[in-house]
Each structure stands twice: as C-alpha cells, then as structure tokens.
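Commentary on secondary and tertiary structure
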Amino acid sequence: MKAYFIIIAVIFMPLSGMVINHQDNHVRSYIFGMIKAVHTLVFTCTYKEAAKGIKQLSSFNTFMKIVNLKSSKCMEALFTPKVHAKTSIFIDCRCIEAGDVLHKGSNGMFFNKTYQWMLWDAANKCLPLLYKLKNIGPNAQLIKVHRQNSTFVVSDCHSKGRHLNAALEFIQLANFFSNGSSTILDYIDRTQNIYCRDNFNGLLLKAATVIDQDNITSNIEIEDILSRSHKESGVAAFAKYHYALFCILRERFNFTVKFRNARGWAGKLGNSSLRLGYIGIMQRNEADVGASASYNRINRFDFFDILHQGWKLETAFIYRLTPNIGYKNLKGDFFAPFHIYVWFIMGGICLLLTVVWMCIEYMVSKKTDQFTAVNVIPVNVVGAICQQGMDPSPMGISSRIISLTTFVFSLIFYNYYTSSVVGGLLGNTVEGPSTIDAIISSELKVSFEDIGYYKILFQYNKTPRIRKLLEKKVLPHRGPKDLPVYTHLEDALPYVKKGGHAFHCEVVDAYPEIAKQFDVSEICDLRVVFGLLESELLNFVIHKNSPFTEIFRIVMRRAVETGLDKRILKQRQPEKPPCSNLYTVYPVDLTGTFSAFIFLAGAIVSSLVLCCIEGLFKVQVQVFKCQLQ
C-alpha cells in the first residue's frame with residue numbers, strides 16, 4: 001500500500017465462537033507486520049471475546065479500541081471529521097447494529113482515502129447492508145472478508161457513485177492467505193488506486209455552471225457557449241477556464257454530464273440563510289462537481305473541497321486618458337518643474353543680488369564719481385536672468401563677476417526647466433486616476449459588465465467605498481444617450497475609446513477586443529485601475545467530503561505537472577496589447593497653463609497701475625511748475 005493514510009482493518013474477531021489462535025499467525029503478520037496499522041477501531045457485539053483477542057494482539061498495536069455496538073454512547077464521538085488518519089475500522093456484520101455503523105459512515109462521507117474499512121462477513125449478512133448505503137464512491141477503501149472453514153475469501157468493494165445509482169463492484173483478491181500475503185498486498189494496492197477506478201463507463205454526473213443569459217437550460221446550449229474561445233455576454237472568462245478543467249475530468253473518467261445553469265454565483269433568499277446561485281447549488285450537494293469557480297471565503301471552507309487553484313481573477317476599471325476627464329497634467333504646469341520653495345528661493349536670491357549690486361555700485365561711485373541709476377540695476381538683473389544682456393554694461397570687476405554668475409545661474413536653471421517641460425510633454429508620464437477613490441472623484445462615467453457578481457457586490461457589500469461609488473457613480477440618473485450602468489463589453493469599448501468613460505470588467509476579456517478596436521496611440525492612452533474586487537486565486541470546488549474528491553484531485557495535480565493547465569491558461573488569458581509608440585504628446589490644458597496666465601495678468605495689471613501712477617505724477621509735476629511760474 002502507499003504510505004499516505006494507510007488504514008487496514010484487523011482480522012482477529014472470533015469466528016464461530018473462537019478467538020485467534022496460534023494457527024492464525026499469518027493473519028497477524030499480514031495486518032501488523034506488513035501493513036502496520038497504527039490506530040484500530042473494532043466494532044463488535046461480543047465484547048468479552050474481542051477483549052481476549054486484544055490481549056493477544058496488544059504487542060502489535062497499542063492503539064486499539066473496542067466499541068460495543070450494543071451501546072451507542074460513543075458512536076457520535078467516533079464518527080466525526082476530527083477522527084485522524086491511519087485508522088482501521090473493523091465491523092462484525094453478524095451484529096444487528098452493524099448496519100447503523102455503516103449507515104452513519106455513509107452519511108458522514110467516511111468512505112474515502114482516510115479510512116480503511118474491513119467487513120467480517122461470517123454469515124453472509126454484509127451484502128444487504130452495503131446495498132443500502134448511498135455514499136460509496138471510487139475513493140472507498142473497503143475490504144470484505146468471508147471465512148469458510150480454513151479459507152479466507154478477500155474482496156475489494158467500491159462503486160463509481162452509489163448516490164448516482166451506480167452498481168457496487170467487487171474484485172476478488174484471493175481465496176486464501178497461506179499462498180503468500182505479499183501477493184494479496186499487491187492486489188489491494190492495485191485495485192484501490194486510480195488506474196483501476198478511472199473508468200465510470202458513461203455514468204451520469206450533475207454539474208453546475210453560471211451563464212447570465214435568459215433561457216439557457218439545455219446541455220447543448222451550455223456546452224456550446226462555454227466551449228467558444230471568444231467573449232460571450234454574461235459569461236466570465238474564468239467560467240470558461242474551469243469548464244475546460246471539467247472537460248479534462250470528463251475525458252479522463254469517461255462519464256456523461258447533466259448541467260444545471262445558474263444566473264449568478266451567490267446571494268441569499270430574503271433574510272434567510274438559503275444561498276442562491278452557483279454557491280447554493282454546490283453547498284446543498286445538488287451537483288457532483290462545479291464547472292465554474294468560487295472565491296476564497298472563510299465561511300465556505302466547511303462546505304467545499306478544493307480540487308484546483310489556477311485562475312487569478314483580475315478585474316479593473318479600463319479608461320482612456322484624455323484631457324476631458326479632469327486629470328492634473330503637472331508636466332504642463334508653468335510652475336511644476338520646480339517645487340514652490342525653489343521658486344521662493346530663486347526670488348530671494350534675485351532680490352539679494354539686486355541689493356548687493358546696488359551696494360557695489362554705490363561704493364564704486366564714491367571713488368569714480370560715476371553711479372549707475374538705481375532703476376537700471378533691477379532691470380539688468382532681470383535681463384541677466386532672462387539672458388537678454390545689460391545696458392549699460394557693468395564697468396567694475398565686481399559688477400561683471402555678478403553679471404557673469406547670474407548668466408550661468410540662469411542658464412543652469414533654464415536647462416532644468418525646459419528639459420522637464422519638454423520631457424513631460426513628449427514622455428509617456430502623464431497619469432490619470434490611479435485608485436478607486438480617484439475614479440470616484442474624477443469626471444469619468446463608470447459602467448460595469450452585465451454579469452451577476454457586480455450586482456451581488458452592490459447589494460451585499462456595505463463598505464464606505466462601495467457606498468460612495470453607488471451614490472456618486474451608479475445611482476445618479478443617466479440620459480438615453482449615456483452608457484447604462486450594466487452593459488456588455490462590445491457596447492462599452494466605443495465609449496471608452498471616445499474618452500470620459502471607465503468600464504469595469506475582467507481584463508483578459510477586454511484585451512482581445514481592445515486589440516481589434518484601438519490603434520497604437522489609443523492603446524498607449526489606456527489606463528487600468530485595480531482594487532474594486534479582490535485579485536486572488538479562484539477555487540475549482542466540489543462538495544465537502546465528496547466521494548470524488550481524492551480521485552479528481554489526482555487528475556488535476558497531474559494536469560499541472562504535465563503542463564496542460566498552463567496551456568489552457570495561456571489560451572484563456574491573453575496579454576494586454578503592447579504600446580508600440582515611442583512617445584505620446586499630451587496637450588497642455590487650461591489647468592496646466594493657468595499659473596502662467598495668472599502671472600501674465602498680474603504683470604499687465606501692475607504695469608497699468610504703475611502707468612496710471614506715473615501719468616498722475618507727471619500731471620501733478622506740471623501743475624506744480626505752472627503754479628511756480
């Protein structure tokens with residue numbers, strides 16, 4: 001047997017009133033010497049005789065527990081999911097209460113790889129009990145032993161699914177032990193692995209999927225929609241991926257299927273706890289396997305077994321960056337290349353430079369009796385910063401050093417300034433709204449793919465962000481020419497291309513259509529904002545403790561190891577179309593040039609005020625001269 005969860009029952013119960021004797025050493029050697037069962041539960045109605053057998057076998061296995069079938073006090077404690085692995089279960093079918101034990105084991109889904117059952121069928125009473133059980137599947141580890149005189153008849157028992165009315169299958173392993181226990185061990189290993197139980201012979205299984213379209217009920221319609229490679233309205237990309245995984249299982253195990261379609265994934269009926277949609281179908285065990293996927297939620301782990309995790313759900317807002325969405329183009333701002341404190345320092349330096357220059361000229365004038373007019377020095381400073389020359393040119397060495405350093409200073413800053421502005425206009429560095437909150441605060445009109453999980457999100461999610469999104473973007477009235485809140489990808493992309501609209505969908509669905517409808521420069525303008533829905537691996541699920549859990553997991557693991565899963569992902573997850581433009585020129589809007597216009601307007605107003613003051617001063621001077629005359 002394999003090393004994982006080996007659970008072998010103990011054959012030591014009395015047969016015809018006799019306990020194990022010295023002649024049965026080969027039985028004990030087989031069970032304890034080769035299989036090495038660690039924990040054993042013995043269900044019997046002949047407690048005293050079984051206790052004698054325990055004493056003889058205690059040296060082989062110290063963790064053995066005898067359960068008296070006539071007392072049901074400890075039955076519920078023994079049959080719980082908390083019972084650990086490496087536990088063998090032996091049941092004497094001669095006991096009337098043996099049927100209750102098997103019934104509880106069936107209802108609790110305990111016929112799986114975790115438990116090895118052995119039924120002692122001394123009076124041919126096991127078969128009627130087995131045929132009443134509904135949850136024996138291909139994972140069952142069930143051995144039936146019938147002793148006739150000195151011969152043991154050992155048979156392996158399983159079914160492809162008793163809950164689906166599949167037949168019980170018996171494979172006779174041996175009719176005596178003395179012929180070599182190693183041979184029997186090899187037989188058990190081969191009959192209880194996947195290679196012996198992988199053909200379901202066309203057994204009809206039930207599967208659940210999600211297609212958010214009207215009147216989709218037949219298998220032909222469902223499989224036709226899910227098998228198409230292109231985008232379908234109301235069908236998530238991950239639903240097609242998990243349908244492809246389901247097809248791997250169907251081809252590997254040779255079963256047929258009856259699909260049950262749900263319009264959505266989750267939801268509840270009113271204020272009750274009844275779950276709707278795909279999650280409700282799988283939770284109530286109304287489908288044997290899911291052909292869609294489930295989010296990771298703590299409250300779902302008690303209801304589902306995970307077969308595989310391969311698809312990472314990535315949904316996002318997709319919009320095109322255009323000037324009419326209210327983004328702030330800092331690279332086109334007049335003051336943007338320098339921080340505000342740099343501008344203040346530059347102004348302070350220019351003022352200090354003017355004062356120093358005037359002091360130097362004053363000191364020079366005392367020696368040479370030549371003094372430059374006070375109003376000329378500030379003009380010369382401005383001319384040096386603007387690299388426009390000076391008039392008159394400075395005569396002293398100190399004044400020339402100041403003018404030269406001012407030219408160099410302005411040249412360095414001018415290079416920084418112009419390179420930043422030009423690089424900002426030519427480089428692809430302009431960013432629009434990059435968070436969900438920024439999307440909500442922007443001028444973008446938002447829409448969502450017309451699929452179930454968005455409606456569930458707005459109905460049951462009451463977080464502040466979702467409420468804000470509802471109030472500002474979803475609930476406000478829209479005109480007849482506006483894009484609806486819930487729409488389809490092919491209808492939304494023309495609006496996204498035009499600008500001013502953001503569409504939320506699964507990004508791998510949008511990429512092929514974007515490549516068809518957008519040109520190179522428009523692709524470079526696209527922005528993607530994640531965060532509304534969690535990006536995480538989705539679960540390919542089956543009902544908790546399903547008879548198919550272990551055998552389906554093996555096939556999914558081998559699909560990963562052989563690269564088949566990766567091949568399907570590559571087909572179903574196209575990459576974003578590349579932006580092949582070297583650069584994109586973004587026009588500077590009014591927001592970016594507002595500071596420059598304010599600066600110019602302030603200069604004009606200042607000049608007009610000074611002009612008026614100068615004119616008024618000249619008039620007053622002339623009046624004063626006339627009065628003197």
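Residues numbered from 1 in each chain as written. Predicted model: local features only at pLDDT ≥ 70, side-chain atom pairs only at ≥ 80, totals over all residues. Heavy atoms only, no water.

This is how the line gets drawn: UniProt positions are given in the numbering used here, feature names are shortened, and annotations may be inferred rather than shown by experiment.
In the annotation of an unreviewed UniProt entry, the entry for the protein reads Ionotropic receptor 75a isoform X1, and the organism field reads Musca domestica. You can read under Subcellular location (unreviewed entry) in the UniProt record for the protein the words "Cell membrane". Its UniProt record gives the protein the following Sequence similarities (unreviewed entry) comment, quoted word for word: "Belongs to the glutamate-gated ion channel (TC 1.A.10.1) family."

**Re the overall build of the protein**
Our working rule: A run of DSSP states H or I qualifies as a helix once it reaches four residues; a run of E qualifies as a strand once it reaches two. Both are numbered from the N-terminal end. Each residue is placed in one exposure class: buried if its accessible area under a 1.4 Å probe, protein chains only, is under 20% of its type's maximum, exposed if it is over 50%, and partly exposed if it falls in between. When checking whether two residues touch, look at their non-hydrogen atoms; a contact exists if any pair is within 4.5 Å. Each accessible area is a Shrake-Rupley result for a 1.4 Å probe, and residues are judged covered by the shown protein chains and nothing else.
From N to C terminus, the protein includes 21 helices and 19 strands. Taken over 629 residues, the protein has a buried fraction of 46%. Residue pairs in contact within the protein that sit at least 24 positions apart in sequence constitute 74% of those at least 6 positions apart. With an accessible surface of roughly 32500 Å², the protein has 59% of that area assigned to carbon and sulfur atoms.

**Here's the deal with the nonpolar core**
Quick reminder of the rule: Take the buried Ala, Val, Leu, Ile, Met, Phe, Trp, Tyr and Cys residues and link them wherever side-chain atoms come within 4.5 Å; each set so joined is a nonpolar core.
Ranked by internal contacts, the top residues of the largest apolar core, which has 97 residues, are F448 and F552. Not counting residues up to four positions away in its chain, the partners in contact with F552 are L205, L249, F253, F255, V289, L307 and I542. Counting 25 residues, the second-largest nonpolar core is a separate cluster that includes V101, F110, L129 and L130.

**Re a nonpolar patch on the surface**
Applied cut-off: The patches described consist of residues with a relative accessible area above 30% and no salt bridge, like charges being joined within 9 Å and nonpolar side chains (Val, Leu, Ile, Met, Phe, Trp, Tyr) within 5 Å. Salt bridge, as used here, is a side-chain nitrogen of Lys or Arg placed within 4 Å of a carboxyl oxygen of Asp or Glu.
Where nonpolar side chains cluster on the molecular surface, the patch consists of I340, Y341, F344, I345 and I349 and spans about 570 Å² of accessible area. A residue is classified by how much of its surface remains accessible, and I349, at 40% relative accessible area, is partly exposed.

**A short note on the sheet that holds strand β13 (residues 315–320)**
Here is the rule we go by: Any two strands with at least two DSSP-identified bridges between them are counted as paired.
Spatially, the 5 strands line up as an open sheet ordered β15-β14-β16-β13-β17, and their pairing is mixed. Of all the strands in the sheet, just β15 (486–487) and β17 (526–530) have a single pairing partner and so form its edges. Alignment of strand β14 (residues 445–449) against strand β16 (residues 501–506), held across 4 bridges, turns out to be parallel. Bridging across to β16, S447 finds its partner in F503.

**Side note on the state of the cysteines**
Filter applied, for reference: Sulfur atoms of two cysteines make up a disulfide when they are within 2.5 Å.
Considering all chains together, one arrives at 2 disulfides under this definition. Here C93 pairs with C126 through a disulfide, and the sulfurs are 2.1 Å apart. An S-S torsion of about 100 degrees defines the bridge between C93 and C126 as right-handed. One end of the pair, C93, is in the loop between β3 (87–92) and α4 (98–107); the other, C126, is in helix α5 (residues 126–131), with 33 residues separating them in the sequence. This pair shows no difference in class: C93 is buried, exactly as C126 is. For C524, the disulfide goes to C579, at an S-S distance of 1.6 Å. One quick way to see it: the torsion about the S-S bond of C524 and C579 is about 100 degrees, and its sign makes the bridge right-handed.

**Considerations on unusual backbone geometry**
Despite not being glycine, N201 has its phi angle at roughly 55 degrees, a positive value. Position of N201 relative to the elements: it lies in the loop between α6 (181–191) and β8 (204–210). Positioned with a positive phi, N254 is a non-glycine residue whose angle comes to about 60 degrees. Looking at the secondary structure, you find N254 in the loop between α8 (237–253) and β9 (256–262).

**Details of the sheet that holds β8**
Strands sit in the order β9-β8-β10 across an open sheet of 3 strands; the sheet is parallel. In this open sheet, the two strands that pair with only one neighbour each are β9 and β10 (289–290). With 2 bridges joining them, β8 and β10 adopt parallel strand pairing. Of the residues in β10, the one forming a bridge with A208 is G290.

**A short note on the packing of helix α7 (residues 219–227) against α8**
Here is the rule we go by: Every axis corresponds to a line fitted to the C-alpha atoms, with the helix fit spanning only the stretch in contact, and the corresponding angles, defined between N-to-C directions, vary from 0 to 180 degrees. Each angle gets one of four labels, with under 35 degrees taken as roughly parallel, over 145 as roughly antiparallel, 65 to 115 as roughly perpendicular, and the rest as oblique. We call a crossing left-handed when the near helix sits turned anticlockwise from the far one by less than a right angle, and right-handed when that turn is clockwise.
Closest axis-to-axis distance for the α7/α8 pair is 9 Å, and the angle between their directions is 115 degrees. One element, α7, and the other, α8, form an angle in the roughly perpendicular class. Two packed elements cross with a definite hand, and for α7 against α8 that hand is left-handed. Residue-level contacts link E223, I225, L226 and S227 of α7 to K240, Y243 and R250 of α8.

**Considerations on the packing of aromatic side chains**
Here is the rule we go by: What counts as a ring pair is set by centres within 6.5 Å for rings of Phe, Tyr and Trp (its six-membered ring), and what kind of pair is set by the plane angle: stacked under 30 degrees, edge-to-face over 60, tilted for all other angles. Whether a charge sits over a ring depends on NZ of Lys or CZ of Arg being within 6 Å of the ring centre and within 35 degrees of the ring normal.
Counted under the stated rule, the structure contains 21 aromatic pairs. With centroids separated by 6.4 Å and ring planes inclined at 35 degrees, the aromatic side chains of F255 and F552 adopt a geometry described as tilted. Taken together, the positions of F255 in the loop between α8 and β9 and F552 in helix α19 (residues 549–561) put the pair 297 residues apart, joining distant regions of the chain. The two residues F255 and F552 agree in class, both being buried. Seen in terms of ring centroids, F548 and F552 are 5.4 Å apart; in terms of plane orientation they differ by 15 degrees. Their pairing is stacked. You'll find F548 and F552 in the same group, each marked buried. Clustering of aromatic rings is evident, with ring pairs tying together F200, Y243, F246, F253, F255, F259, F548 and F552. Just above the ring of F253 sits the side chain of R252; from NZ or CZ to the centre is 5.9 Å.

**Topic: the pattern of salt bridges**
A full pass over the atoms with the stated rule returns 20 salt bridges. We note a salt bridge from D509 to K231, for which the minimum N-O separation is 3.1 Å. Placement of the pair is D509 in helix α17 (residues 507–517) and K231 in the loop between α7 and α8, with a sequence separation of 278 residues. You can call D509 buried: its relative accessible area is 10%. For the salt bridge of E536 with R297, the shortest nitrogen-to-oxygen distance reads 3.9 Å.

**Overview of the pairing of β3**
Looking along a regular strand, one sees side chains alternate from face to face of the sheet. Applicable threshold: The handedness rule is simple: strands pointing away from the viewer, and a clockwise path from the first strand over the helix to the second, make the crossover right-handed.
Burial of β3 is extensive: 6 of the 6 residues sit out of reach of the surface. Side chains T87, I89 and I91 project from β3 onto one buried face, and the interleaved S88, F90 and D92 project onto a second face that is buried too. With 5 bridges joining them, strand β1 (residues 39–44) and β3 adopt parallel strand pairing. Within the sheet, the bridge partner assigned to F43 lies in β3 and is I91. Alignment of β3 against strand β4 (residues 115–120), held across 6 bridges, turns out to be parallel. The residue bridging S88 from the neighbouring strand is Q116, located in β4. Tracing the backbone out of β3, into α4 and back to the parallel element β4 gives a crossover that is right-handed.

**Points about α19**
For an α-helix, the turn length of 3.6 residues means that residues three or four places apart are oriented alike. Quick note on the threshold: Given a helix with a known number of residues, its expected span is that number minus one, times 1.5 Å.
The end-to-end C-alpha distance of α19, which contains 13 residues, comes to 18 Å, matching closely the 18 Å that a straight helix rising 1.5 Å per residue would cover. In the core, the buried residues of α19 are packed alongside β8, α8, β10, β11 (304–308), β19 (540–543) and α20 (564–572). Just beyond α19, the residue with positive phi is G563, at close to 85 degrees.

**With respect to the environment of R228**
Tracing the chain through its elements places R228 in the loop between α7 and α8. Each C-alpha atom of the pair R228 and K240 lies 8.2 Å from the other, and the pair is 12 residues apart in sequence. Contacts of R228, omitting those with residues within four sequence positions, involve K240 and R572.

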